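Examination of the molecular architecture
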Amino acid sequence: MNNLPSNETFTATLVQPRTVAMLIMCRKYIFSEFHIKLNLHQPDILERIQEYAKDTKNPNLKRLVYELEKALVLH
């Protein structure tokens, strides 16, 4: 889980329903494990999700963040 794209990239990609669904699932996994509620509109949401994914014991969260990173990469 390397660097996630900038928040500008995220904002441009946010309109994609699949990206929104992945973010919502990430938030649910993070809340379930860490009891932290993330807001999709907070400026550092991508960095926060990545940080929690590094510390998680949940393989689903790790996989989902990997998929999120792939979805947000601009070619």
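Our structure is the block above this text.
Heads up: these notes are all about the structure in this document. Everything numeric here is computed off the predicted structure, so don't read it as measured data.

For helix α3 (residues 45-55), the set of buried residues is Ile-45, Leu-46, Ile-49, Gln-50, Tyr-52 and Ala-53. Buried positions in α3, seen along its axis, are confined to an arc of 165 degrees and lie on one side of it. In α3, the exposed residues that point more than 90 degrees away from the buried face are Lys-54 and Asp-55.

To continue, consider the packing of aromatic side chains. Summed over the entire model, instances satisfying the criterion amount to 1 aromatic pair. Centre to centre, the rings of Phe-34 and Tyr-52 are 4.9 Å apart; their planes meet at 45 degrees, and the pair counts as tilted. Residue Phe-34 is found in helix α2 (residues 17-34), and its partner Tyr-52 is found in helix α3; the two are separated by 18 residues along the sequence. By relative accessible area, which is 15% here, Tyr-52 ends up buried.

Moving on to the nonpolar core. Formed by 15 residues in total, the largest nonpolar core has its most connected members in Cys-26, Ile-30, Leu-38, Ile-49, Leu-61, Val-65 and Leu-68. Contributing elements (two or more residues each) for this core: α2, α3 and α4 (59-72). Once you skip the residues sitting within four places of it in the chain, Ile-49 turns out to touch Leu-23, Cys-26, Ile-30, Leu-38 and Val-65.

A word on a negative patch on the surface. Taken together, Asp-44, Glu-47, Glu-51 and Asp-55 make up a surface patch of like negative charges. Position of Asp-44 relative to the elements: it lies in the loop between α2 and α3. Owing to a relative accessible area of 31%, Asp-44 belongs among the partly exposed residues under this scheme.

Criteria and cut-off values
Residues numbered from 1 in each chain as written. Predicted model: local features only at pLDDT ≥ 70, side-chain atom pairs only at ≥ 80, totals over all residues. Heavy atoms only, no water. Buried < 20%, exposed > 50% of the residue type's maximum accessible area, 1.4 Å probe, protein only. Helix = DSSP H or I, 4+ residues; strand = E, 2+ residues; numbered from the N terminus. Arc of directions from axis to C-beta. Phe/Tyr/Trp six-rings, centres within 6.5 Å; stacked < 30°, edge-to-face > 60°. Core = buried A, V, L, I, M, F, W, Y, C linked by side-chain atoms within 4.5 Å. Contact = heavy atoms within 4.5 Å. Patch = residues over 30% accessible without salt bridge, like charges linked within 9 Å, V, L, I, M, F, W, Y side chains within 5 Å. Areas by Shrake-Rupley, 256 points an atom, 1.4 Å probe, with all protein chains shown as cover. Salt bridge = Lys/Arg side-chain N within 4 Å of Asp/Glu carboxyl O. Lys, Arg positive; Asp, Glu negative; His and termini not counted. Charge placed at Lys NZ, Arg CZ, Asp CG, Glu CD.

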